[in-house]
Amino acid sequence: MWNLARVAASVLSRSRRFSTAIPGPCMVHKRGTDILHDPWFNKDTGFPLTERDRLGLRGLLPPRVISFEQQYARFMESFRSLEKNTEGQPNKVVSLAKWRILNRLHDRNETLYYRVLIDNIKDFAPIIYTPTVGLVCQNYSGLFRRPRGMYFSAKDKGEMMSMIYNWPAQQVDMIVLTDGSRILGLGDLGVQGIGIPIGKLDVYVAAAGINPQRILPVMLDVGTNNQKLLEDRLYLGLRQPRLEGEEYLSIVDEFMEAVHARWPKAIFEDFQMKWAFETLERYRKRFCMFNDDIQGTAGVALAGLLGTVRAQGLSLTDFADQKIVVVGAGSAGLGVLKMAVQAAARMAGNNDAFARNKFFLLDKDGLITKERKNLDPAAAPFAKDPGDFMGLREGASLLEVVRKVKPHVLLGLSGVGGVFNEEVLKAMRESDSVKPAIFAMSNPTMNAECTAADAFKHAGENIVFASGSPFENVDLGNGKIGHVNQANNMYLFPGIGLGTLLSGARFITDGMLQQAAECLASYMTDEEIPKGILYPSIDSIRDITAEVGAAVLRAAVEEDLAEGHGEVGPRDLKHMSKEETVEYVTRSMWFPIYSPLVHEK
Ligand SMILES: NC(=O)c1ccc[n+]([C@@H]2O[C@H](COP(=O)([O-])OP(=O)(O)OC[C@H]3O[C@@H](n4cnc5c(N)ncnc54)[C@H](O)[C@@H]3O)[C@@H](O)[C@H]2O)c1
Ligand SMILES: O=C(O)C[C@H](O)C(=O)O
Ligand SMILES: [Mg+2]
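As the structure is a prediction and not an experimental result, all values here were calculated from the model.

> Break down the sheet that holds strand β3 (residues 174-178) for me, with residues and values.
A sheet is described by the order of its strands in space; here 4 strands give the open sequence β2-β4-β3-β5, paired in parallel fashion. Looking at the sheet topology across the chains shown, the edges are occupied by β2 (150-153) and β5 (267-269). The mean inter-strand angle of the sheet, taken between neighbouring strand axes irrespective of direction, is 25 degrees. Strand direction decides the pairing type here: β3 and β5, joined by 3 bridges, are parallel. When the bridges of β5 are listed, Met174 appears paired with Ile267. Across the face of the sheet, helix α13 (residues 245-262) comes into contact with β2, β3, β4 (215-221) and β5 while running at roughly 160 degrees to β4.

> Talk me through the nonpolar core; I want residue IDs and the actual numbers.
Formed by 128 residues in total, the largest nonpolar core has its most connected members in Phe319, Leu411 and Phe439. Membership of the second largest hydrophobic core comes to 36 residues, among which are Ile175, Phe255, Ala258 and Phe287.

> Just give me the short version of the sheet that holds strand β9 (residues 409-412), but keep the residues and values in it.
The strand order β8-β7-β6-β9-β10-β11-β14 describes an open sheet built from 7 strands, whose pairing is mixed. Only two strands of the sheet have a single neighbouring strand rather than two, namely β8 (366-367) and β14 (484-486). The pairing of β9 with strand β10 (residues 437-440) spans 4 bridges and is classified as parallel. Paired with Gly412 across the strands is Ala440, a residue of β10.

> So what about the environment of Arg403? Which residues, and what values?
Mapped onto the elements of the fold, Arg403 is located in helix α18 (residues 398-405). Residue class for Arg403 comes out partly exposed when judged on its relative accessible area of 48%. Sequence-distant contacts of Arg403, that is, excluding residues within four places in its chain, are made with Glu423 and Ala427.

> Any chance you could break down the site of ligand 1 for me, citing the residues and the numbers?
Around ligand 1 lies a shell of 25 residues, among which Arg182, Ala329, Ser331, Ala487 and Asn489 are the nearest. In this structure, Ala329 approaches ligand 1 through a main-chain N or O atom, which is 2.9 Å from an oxygen atom. One of the backbone nitrogen or oxygen atoms of Gly330 is found 3.3 Å away from an oxygen atom of ligand 1. Protein contacts shield 82% of the accessible area of ligand 1, which totals 860 Å² for the unbound molecule. Shared between two domains, the shell around ligand 1 holds at least three residues of each, these being domain 2 (146-289) and domain 3 (295-490).

> Describe the site of ligand 2, listing the residues and the values that go with them.
Near ligand 2 the following residues occur: Tyr129, Thr130, Arg182, Leu184, Lys200, Asp293, Asn443, Asn488 and Asn489. Note that an oxygen atom of ligand 2 is positioned 2.9 Å from one of the side-chain N or O atoms of Lys200. In the environment of ligand 2, an oxygen atom lies 3.0 Å from a nitrogen or oxygen atom belonging to the side chain of Asn489. Summarising the interface, the protein chains cover 91% of the accessible area of ligand 2, which totals 260 Å² for the free molecule. Of the domains in this structure, domain 2 (146-289) and domain 3 (295-490) are the two that each give at least three residues to the shell around ligand 2.

> Which residues make up the confidence of the model for the chain, and what values do they have?
With 96% of its residues at a pLDDT of at least 70, the chain reaches an overall mean of 94. Low pLDDT, under 50, characterises residues 1-20; the stretch is placed with 48 contacts to residues that sit more than four places away or in other chains. The ipTM, which scores confidence in the relative placement of chains, is 0.99 for this predicted complex, and the corresponding pTM is 0.95.

> Summarise the side chain of Gln71; cite the residues concerned and give the values.
Along the chain, Gln71 falls in helix α4 (residues 68-85). Judged by relative accessible area, Gln71 falls into the buried class, the value being 7%.

> Which residues make up the side chain of Asn489, and what are the values?
Locating Asn489 in the fold gives a position in the loop between β14 and α21 (493-503). At a separation of 3.1 Å, a polar atom in the side chain of Asn489 contacts the side chain of Tyr129. A polar contact of 3.2 Å, which involves the side chain of Asn489, links it to the side chain of Asp292.

> Requested: an account of the domain arrangement of the chain, with residues and values cited.
Each assigned domain of the chain is listed here: domain 1 (5-19 + 492-587), domain 2 (146-289) and domain 3 (295-490). Summarising the inter-unit geometry, the C-alpha centres of domain 2 and domain 3 are found 31 Å apart. Residue-level contacts link 10 residues of domain 2 with 11 residues of domain 3. Between domain 2 and domain 3, a total of about 800 Å² is buried, with carbon and sulfur atoms accounting for 60% of that surface. A per-residue breakdown of the area domain 2 buries against domain 3 is headed by Leu184, Gly185 and Phe277, which together make up 46% of the total. The interface formed by domain 2 and domain 3 holds 0 salt bridges in total.

Rules and cut-offs
Residues numbered from 1 in each chain as written. Chains lettered and ligands numbered in written order. Predicted model: local features only at pLDDT ≥ 70, side-chain atom pairs only at ≥ 80, totals over all residues. Heavy atoms only, no water. Pairing = 2+ DSSP bridges. Helix = DSSP H or I, 4+ residues; strand = E, 2+ residues; numbered from the N terminus. Axes fitted to C-alpha atoms, helices over the stretch in contact; angles between N-to-C directions. Contact = heavy atoms within 4.5 Å. Core = buried A, V, L, I, M, F, W, Y, C linked by side-chain atoms within 4.5 Å. Buried < 20%, exposed > 50% of the residue type's maximum accessible area, 1.4 Å probe, protein only. Near = heavy atom within 4 Å. Polar contact = N/O pair within 3.5 Å; in protein donor to acceptor, adjacent residues only side chain to side chain. Areas by Shrake-Rupley, 256 points an atom, 1.4 Å probe, with all protein chains shown as cover. Domains from an automatic or database assignment. pLDDT = per-residue confidence, 0-100. Buried area = accessible area lost by both parts, 1.4 Å probe. Salt bridge = Lys/Arg side-chain N within 4 Å of Asp/Glu carboxyl O.

Okay, here's the thing in structure tokens:
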């Protein structure tokens, strides 16, 4: 059950900072320029003289040794001057320039890259992740300089088991995989979608402290149906239409078996988008995997929805009475509905039918009812009986639904920018809630269902607002601020991944995901919530991830799924208190500092 007592405990733990122990030595099998060209080991001008001797680097670098702090300051200075020099230029130009400077550092020196990323996560997350990552994917073939991650294509059929051994790392803990068929709200971007696994795994490193030597971004290229890309002479992917049906699944099956054979404990995240539900069902009991668009998004949205109940001064059990209009019946929207209905049903004493009654689902053809032709089986459980709510008919428009339902929450996961137009937002003024909530969760920024400014302007100043991509807070005048929340699955996926990894569980269960959502929901205090602050600041993402990771780990222990990780076995995990589990998760996070390098043949 949703437990407000957690709130107090979680606030206490927020003062705790992650520790930075003195690093142990790191074995390296290379020497000389090979080390300088390897971003995992490269320290640029930071190699101490003794290490330069040991590793055959003397003379390959300018003589002065620069400290890590100085290197950090130098990078930040160049970043700030780039910001200044690009002031006033089009958004796209500025965003790509910022991405390039970070990407160059990523390619050269990962330790420094992840350190600046962690320390400046609020500023840099929008560059390496949403929304700029969308722009990077759209332009990937032109931006391409060097590969990152692995590419498996339909042409590799029969070869994947051996290909997987081409990856240089001995151990991989976390894999993010896409087939590029639905990249944010930008559609099919084919091989260019690799930017998403790269960006998500950067967030895994920054937020969850997954060791960057143990991550693997993967693109599964089965073709693209994007005609523009197929005709683009720079396009780097397979120039063929997407494989479908059994042909498609046989490629994914082969890939899954190949990876599992080498790293049976690796966790997969964010599975194929178009095939999201089918692959989730197909693999979730055989492999340690989850689908972030379905499951991560659901948890983050649910945490926000529960926050809106608290913001209205109601008790959490009142969630069961909230009327929620979900716009978008894809992998994300259906995932949110499923989890929200389960939570509402629990609160209403397991009355599933009662809970469903309060949810309204729309897609591009309007309100989904049981009369819908070719009703998607995944949407069927949420389809309304036509006419049963104030005469709402099959295909009713969003405006009509909002006007009649007067929902407490309007939640968009449609991928369509601007569908919450002025009329729809104005209709939300008639909401039955004292603090109506508007969640424009589609990414990137251009695809958000509305902007933050429009939401406060048209729906009123008393709303609670959340968006998938970041927006600035809105100045409402007279010293009042309209707070903008970022309802993005980045609040949960790092903790789900890290908690699962440390638990050693072989599967990710609904119970583990529910605990993750519940943990995030209880993170905000009773002082913050009435101000419309539903999620913590991204600045505290490591602390949040430690809490979420611990919640996931403890759920795995409770379900008897935990097999332990490294030296810490299942019995140790069982005996850890909640606080000790959070400490353990925090201690397990990799933190970027230069380790002494020792050459080994
Ligand atoms: N904030 C987050 O954490 C988060 C997480 C996952 C997905 N998303 C975003 O959600 C969006 C959708 O993702 P998805 O995987 O569900 O995509 P999808 O393609 O599976 O589903 C899109 C759905 O929107 C519906 N739709 C299209 N046009 C519409 C319109 N004009 N009015 C109403 N509905 C309309 C479609 O019919 C479909 O049901 C994307 O923009 C994605 O970036 C955000
Ligand atoms: O990538 C994001 O920012 C969130 C989500 O996974 C999405 O697909 O939009
Ligand atoms: Mg996604």
